[in-house]
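Remarks on the overall topology
Chain by chain, the residues run as shown.
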Amino acid sequence: VLVEMGFIELIKGAKYQGQPQRSVMQPRSVMHGRALYAYLESEDMSLPPFAKAVKLEKDYVMSQQDIEQLDKDEMDMGVINTFLNQHSWAAKSSISRIYSGRVGRAGRLYCNYQQLPQRRLNLRQNCLIDGEPLIEVDIKASHPRLAVALFHKEKLPRDFYMQVEKLTGVYQSKVKHFCQNAFSCSSREDALSSFRKNEPHGDEIDFNAIEECVLNMYSKLPFYSGWSVLAMNYEGEILKRVMLQGVKGNIAVLPVHDAVAVQRKYKTWAEEAMIRIWREVIGVDACEVG
């Protein structure tokens, strides 16, 4: 099939009795562009289940509450996928909620669209929903915002990373990487090791400066405990509920980890829905979107 499409060239091997020569498949120069277009136009609306737990922890047994949560997710994602099947967008696929280790951990929503390039190639933001330009509305500083709301009952400033930069002299990009590592790693040593590998590369002096500054501001943050898997679960629940609101309003909504994609004309709707549902799930009026 790939040969007929012109994606690859097949060079047949010779059938020598002693040392037979293998056939060789080489990509043609047009393959990259054509393959990208083919992927953008592809459709993968797979069948249920749309909610599952993978890589289960040893000796983990689902509680009745876990089973009920999975059943609720399966029903909700079924409603969402049935609705979205009527709409079109790039790399169209079913949406799934996937937990890792046990129900309640990770729990983000996944689809093919969110895998499209965003930074290396400015592609995802230039895609369409039902033939119209889209826009992505994301939660600002999602994990720090969730942690400050849950552990301090406060609202994280919109310019939090900039504030830390001014206080420490460390670039905002490194502040963001520090927070990502501190929330996701299970030890300080692992967080520091990851911080050193991030681009731009940080060092222990930067790490210590950011750590002291942030903990002076918010002393109860769950650093170095692998807390990110719980934060991702909150994000998954928030996005699922926003998408269900989209179904009710006949608005196609796509999930992108801590953001949603909608047609540009629904930007205000998406912002208001994200803020309202974030408050309902977290119990603190502290959401900022953009």
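An account of the accompanying structure is given in this report. Predicted model only: the values in this text are computed from it and were never measured.

Within this structure, the stated rule accounts for 20 salt bridges. Between Arg158 and Glu288 there is a salt bridge, and its shortest N-O distance comes to 2.7 Å. Separated by 130 residues along the polypeptide, Arg158 in the loop between α4 (142–152) and α5 (160–168) and Glu288 in the segment after α10 (267–282) bring together distant segments of the chain. Judged by relative accessible area, which is 48%, Arg158 ranks as partly exposed. It is possible to trace a salt-bridge network through shared partners that takes in Lys72, Asp73, Asp76, Arg97, Glu237, Lys240 and Arg241.

Right, let's talk about the packing of helix α6 (residues 172–184) against helix α8 (residues 204–217) for a bit. Between α6 and α8, whose axes approach to 10 Å, the crossing angle comes to 75 degrees. By the angle between their directions, the pair α6 and α8 is classed as roughly perpendicular. Contact with α6, carried on its side by Lys174, Val175 and Phe178, involves Asp206, Phe207, Ile210 and Glu211 of α8 and no other residues of that element. The residue inventory of the contact of α6 with α8, partitioned by class, reads 4 nonpolar, no polar and 3 charged.

Strand order in this open sheet of 3 strands is β4-β6-β7, and the pairing throughout is mixed. Edge positions in the sheet fall to β4 (51–54) and β7 (106–110), since each of these pairs with one other strand and no more. Taken over all neighbouring pairs, the strand axes of this sheet differ in orientation by 25 degrees on average, direction set aside. Pairing between strand β6 (residues 96–100) and β7: 4 bridges, direction antiparallel. Within β7, the position partnered with Ile98 by the bridge is Arg108.

Quick look at the packing of aromatic side chains now. Under the defined criterion, the tally for this structure stands at 10 aromatic pairs. On the numbers, 6.0 Å between centres and 70 degrees between planes, the contact of Phe151 with Trp227 is edge-to-face. Here Phe151 is found in helix α4, whereas its partner Trp227 is found in the loop between α8 and α9 (228–248), with 76 residues between them in sequence. A residue is classified by how much of its surface remains accessible, and Phe151, at 33% relative accessible area, is partly exposed. A relative accessible area of 6% means that Trp227 is categorised as buried. Relative to Tyr218, the ring of Phe160 has its centre 6.4 Å away and its plane inclined at 55 degrees; by these criteria the two rings are tilted. With Phe160 in helix α5 and Tyr218 in the loop between α8 and α9, the pair connects residues that are 58 residues apart, well separated along the chain. Judged by its relative accessible area of 2%, Phe160 falls in the buried class. The rings of Phe151, Phe178, Phe183, Phe195, Phe207, Phe223, Tyr224 and Trp227 are connected pair by pair, giving a single aromatic cluster.

This next bit is on the nonpolar core. Counting residues in hydrophobic clusters, the biggest one holds 73 residues, and the most contacted among them are Leu84, Tyr113, Phe178 and Trp278. Core analysis: the second largest hydrophobic core is formed by 6 residues, Ala51, Tyr60, Leu70 and Val103 among them.

Turning our attention to the pairing of β4. Alternating positions in β4 separate cleanly, Ala51 and Ala53 being buried on one face and Lys52 and Val54 remaining unburied on the opposite face. Taken together, the 4 bridges between β4 and β6 define a ladder with parallel strand orientation. When the bridges of β6 are listed, Lys52 appears paired with Ile98.

What follows deals with a nonpolar patch on the surface. Where nonpolar side chains cluster on the molecular surface, the patch consists of Val1, Leu2 and Met5 and spans about 300 Å² of accessible area. With respect to the secondary-structure elements, Leu2 resides in helix α1 (residues 2–5).

It is worth spelling out the environment of Tyr113 at this point. Within the element layout of this structure, Tyr113 appears in the loop between β7 and β8 (128–129). Taking the C-alpha atoms as reference points, Tyr113 and Ser94, separated by 19 residues in sequence, lie 9.9 Å from one another. Leave out the neighbours within four places in its chain, and Tyr113 touches Trp89, Ala90, Ala91, Arg124, Cys127, Leu134, Glu136, Leu254, Val256 and Ala261. A polar side-chain atom of Tyr113 sits 2.8 Å from a polar atom in the side chain of Glu136.

Calculation notes
- Residues numbered from 1 in each chain as written.
- Predicted model: local features only at pLDDT ≥ 70, side-chain atom pairs only at ≥ 80, totals over all residues.
- Heavy atoms only, no water.
- Salt bridge = Lys/Arg side-chain N within 4 Å of Asp/Glu carboxyl O.
- Helix = DSSP H or I, 4+ residues; strand = E, 2+ residues; numbered from the N terminus.
- Buried < 20%, exposed > 50% of the residue type's maximum accessible area, 1.4 Å probe, protein only.
- Axes fitted to C-alpha atoms, helices over the stretch in contact; angles between N-to-C directions.
- Parallel < 35°, antiparallel > 145°, perpendicular 65-115°, else oblique.
- Contact = heavy atoms within 4.5 Å.
- Nonpolar A, V, L, I, M, F, W, Y, C, P; charged D, E, K, R; others polar.
- Pairing = 2+ DSSP bridges.
- Phe/Tyr/Trp six-rings, centres within 6.5 Å; stacked < 30°, edge-to-face > 60°.
- Core = buried A, V, L, I, M, F, W, Y, C linked by side-chain atoms within 4.5 Å.
- Patch = residues over 30% accessible without salt bridge, like charges linked within 9 Å, V, L, I, M, F, W, Y side chains within 5 Å.
- Areas by Shrake-Rupley, 256 points an atom, 1.4 Å probe, with all protein chains shown as cover.
- Polar contact = N/O pair within 3.5 Å; in protein donor to acceptor, adjacent residues only side chain to side chain.

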